[in-house]
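# Architecture at a glance
This is what each chain is made of:
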Amino acid sequence: MGKWYEAAKKRVSVRKYSDGASRDEILELKDVANYLSTDEVRIVVGKKDGIFNALIGKTISGTDTFAAVISREGDNDYMVGSVGEAFVLECTAMGYGTCWLGLSYNKALANSFIRLDDDEKIRCLISVGHYVIEPAHKRTRKTIYNLTGLEDHAFRQLPDWQKCAIECGRLAPSARNAQPWEFDVLNDSLQVACVSKNFGYGGIDCGIAMLHLEIGAAHCGVYGDWQIEDRLPLFTVNYRSES
Ligand SMILES: Cc1cc2nc3c(=O)[nH]c(=O)nc-3n(C[C@H](O)[C@H](O)[C@H](O)COP(=O)(O)O)c2cc1C
């Protein structure tokens, strides 16, 4: 998770690329996709001309390389977000630019090009490619106070792992940068409240933030599990290596 922590700090959405992945690079990306895929959510990597010719949203240019995040029917939005973001962060660590795409791709083409089981659906595409220039880190995010309700002095008094987790969670990407989450600080745990449906992407956004929280906690030597309590994701510590 160490390299994902560095990647989370570095990653920004890239919409303009110099080129897509080469054949050898595609093979490497497919290995990453296979490694991260689960029974419920899988990632398919490919190349297709015109895949990013979208009707809506800012367009992607300079690459034809995509990763499709596909899920089975069911309540698995958090998993879609976490698995997709793990792929994004691994790509960042490998030196690629990426952008999550809920709308800005050619859905008809993607659905005809990618083979799906009857109970599967493409949830998002992720564009992948080489940077034109490595992007500067210009991100607007909600303040810690907006996210947690904690004033500066109260936040500073939290255990290191909770601060690391929240700071990393704060960097998570979300559709329209809506950041539809709040982080509740509890004793030896953190709860994520998903506060908006965000046009159908709210659950995926929260899954992305959950992975970021976990990566931040791990950076400070704390590992835990996610459970759903009162319909909200709760991260509880089960192991710490901090002194
Ligand atoms: C689930 C999801 C869907 C997204 N869909 C699109 C999209 O269709 N078009 C687009 O240009 N950006 C899309 N984005 C990228 C967000 O706009 C971007 O992550 C957000 O503005 C934060 O900026 P950053 O990624 O540079 O930190 C999406 C992001 C997420 C997480």
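Residues numbered from 1 in each chain as written. Predicted model: local features only at pLDDT ≥ 70, side-chain atom pairs only at ≥ 80, totals over all residues. Heavy atoms only, no water.

For the protein chain, the assigned domains read domain 1 (2-131) and domain 2 (144-240). Here domain 1 and domain 2 have C-alpha centroids that lie 23 Å from each other. Viewed at the interface, domain 2 and domain 1 are joined by zero salt bridges. At the boundary of domain 1 with domain 2, the tally comes to three residue pairs in polar contact (both at pLDDT 80 or more). Of all the secondary-structure elements, those providing two or more residues to the side of domain 1 that touches domain 2 are helix H1 (2-10), helix H3 (77-94) and strand S5 (120-131). Element by element, the count of residues in the side of domain 1 that touches domain 2 is highest for H3, at eight residues. Counted by class, the side of domain 1 that touches domain 2 contains ten nonpolar, three polar and six charged residues. (Domains from an automatic or database assignment. Salt bridge = Lys/Arg side-chain N within 4 Å of Asp/Glu carboxyl O. Polar contact = N/O pair within 3.5 Å; in protein donor to acceptor, adjacent residues only side chain to side chain. Helix = DSSP H or I, 4+ residues; strand = E, 2+ residues; numbered from the N terminus. Nonpolar A, V, L, I, M, F, W, Y, C, P; charged D, E, K, R; others polar.)

The α-helix advances 3.6 residues per turn, and as a result positions three or four apart in sequence lie on the same side. The buried count for helix H7 (residues 160-170) comes to eight of eleven residues, which makes it a mostly enclosed element. Taken together, the buried positions of H7 are occupied by Trp161, Gln162, Lys163, Cys164, Ala165, Ile166, Cys168 and Gly169. (Buried < 20%, exposed > 50% of the residue type's maximum accessible area, 1.4 Å probe, protein only.)

This brings us to the sheet that holds strand S6 (residues 181-186). Sheets are built from strands that pair by backbone hydrogen bonding, the pairs being arranged parallel or antiparallel. Reading across the sheet, the four strands line up as S6-S7-S9-S8 and stay open at both edges, with antiparallel pairing between neighbours. Of all strands in the sheet, those bounded by a partner on one side alone are S6 and strand S8 (222-229). When the angles between neighbouring strand axes are averaged without regard to direction, this sheet yields 25 degrees. Strand direction decides the pairing type here: S6 and strand S7 (residues 189-194), joined by six bridges, are antiparallel. In the strand pairing of S7, Phe183 is matched with Val192. Seen against the sheet, H7 touches S6, S7, S8 and strand S9 (232-240) and runs at an angle of roughly 180 degrees to S6. The strands that helix H8 (residues 202-219) touches are S6, S7, S8 and S9; relative to S8, the one it contacts most, it runs at about 150 degrees. (Pairing = 2+ DSSP bridges. Axes fitted to C-alpha atoms, helices over the stretch in contact; angles between N-to-C directions. Contact = heavy atoms within 4.5 Å.)

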